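Structural characterization, general
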Amino acid sequence: MQLTAVDSALEPVGTSSKRELPPSMVDRMTLILEAFDSRGALTLEEVTCRSGLPRSTVHRILDHLVRRDWIEHASFGYCLGPRALGLGGSDTGHRRIREAAAPHLHDLAMQTGAVVHLTVLEGNEVLYLDKVGGQLASSVPSRVGGRFPAYATAAGKSILAWLEPERIDALYGTQLVPCTERTVRDHVALHQELNRIRKRRGVAFEREEAARGIGCVGVALRGVDGPVAALSLAADARSTRLEWVAPIVADTARKITRTLFPEQERDDSLQATEKVG
């Protein structure tokens, strides 16, 4: 029999206020992991509220999950770890990227009211490391740990734009499988689109190519060796002027990049000073 946690405020007068817990540790761990559900970083109090478990129980189980890489605990709260994201528990640098980006993702989501993603390129797909957003979040078919063809997303195209053409051809077969009727379908069209992105200094647009009704702006986070991740903003394709929000996304991407590669900013400043001199 499935047991459900009951809010003590709704219990009849005279009943015990003690909450009945799920019968096994596995059930409790599942409730905690499901509390995240692509919603990005959560505080201990938020996990407690969403799981329906006592705070002390949640704290104890989170400690176990952190030690086993199912959950990460950083300065911005708890979030899904590499094992929960399907990364096999390996340290791939994603933790550093997520921690550097987290406050900026939340600021961008609050500023625009849109859904904000942090992604990396895994093979020929984008892997979603984080998702932050409000009411629109449920209508955007993405989830933390989920994957999507890179050529169909603004984030993916913003990364592909900075790769060698030969590498892009090697990533995909002779034909690109469309996600919607608007998805780019062949290599010629894809390379033309990537060239336009480079001319826009890395700003990528996606209009209902990954999902109907959704438009996106994406900008890659680039180090000296190339792109390491991408930031994207998703909104209603019919009511949002993507060109208007693109500068805000690009500025946020620059802020995250400066956090990730402070030495790169120092080098750029030094070069600018030498040119002036």
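We now turn to the structure provided with this report. Everything numeric in this text was worked out from a predicted model, so none of it was measured.

Okay, the packing of helix H1 (residues 25-36) against helix H2 (residues 44-51) next. The axes of two packed helices give the description: the angle between them and the distance between them. Taken N-terminus to C-terminus, the directions of H1 and H2 make an angle of 115°; their axes are 9 Å apart at the nearest point. Put simply, H1 runs roughly perpendicular to H2. Judged by the sense of rotation from one axis to the other, the crossing of H1 with H2 is right-handed. Only Val47, Arg50 and Ser51 of H2 make contact with H1, whose side of the interface consists of Leu31, Ile32, Ala35 and Phe36. Residues belonging to the contact of H1 with H2 are distributed by class as follows: five nonpolar, one polar and one charged.

With that settled, the discussion passes to the sheet that holds strand E7 (residues 214-223). Taken in spatial order, the six strands line up as E5-E4-E3-E8-E7-E6 in an open sheet, and their pairing is antiparallel. In this open sheet, the two strands that pair with only one neighbour each are strand E5 (147-149) and strand E6 (203-207). Strand-to-strand twist of the sheet, defined as the mean angle between neighbouring strand axes without regard to direction, takes the value 30°. Relative to E5, strand E4 (residues 125-132) is paired through three bridges, and the arrangement is antiparallel.

Considering the arrangement of structural elements, one finds His117 in strand E3 (residues 115-122). Here Ser142 takes part through its side chain, which lies 2.6 Å from a polar atom of the side chain of His117. In contact with His117, other than residues within four places in its own chain, are Leu105, Tyr128, Asp130, Lys131, Val140, Ser142, Ala230, Leu231, Ser232 and Ala234.

Right, let's get into the pairing of E4. Counting buried residues in E4 gives seven out of eight residues, a clear majority hidden from the surface. Note: E3 against E4, seven bridges, orientation antiparallel. Looking at E4, one finds that Thr119 is bridged to Tyr128. Where E3 folds back onto E4 in an antiparallel hairpin, the turn is made up of two residues, including Gly123, whose phi is positive at roughly 65°.

What counts and what doesn't
Residues numbered from 1 in each chain as written. Predicted model: local features only at pLDDT ≥ 70, side-chain atom pairs only at ≥ 80, totals over all residues. Heavy atoms only, no water. Axes fitted to C-alpha atoms, helices over the stretch in contact; angles between N-to-C directions. Helix = DSSP H or I, 4+ residues; strand = E, 2+ residues; numbered from the N terminus. Parallel < 35°, antiparallel > 145°, perpendicular 65-115°, else oblique. Left-handed = near helix turned anticlockwise from the far one by under 90°. Contact = heavy atoms within 4.5 Å. Nonpolar A, V, L, I, M, F, W, Y, C, P; charged D, E, K, R; others polar. Pairing = 2+ DSSP bridges. Polar contact = N/O pair within 3.5 Å; in protein donor to acceptor, adjacent residues only side chain to side chain. Buried < 20%, exposed > 50% of the residue type's maximum accessible area, 1.4 Å probe, protein only.

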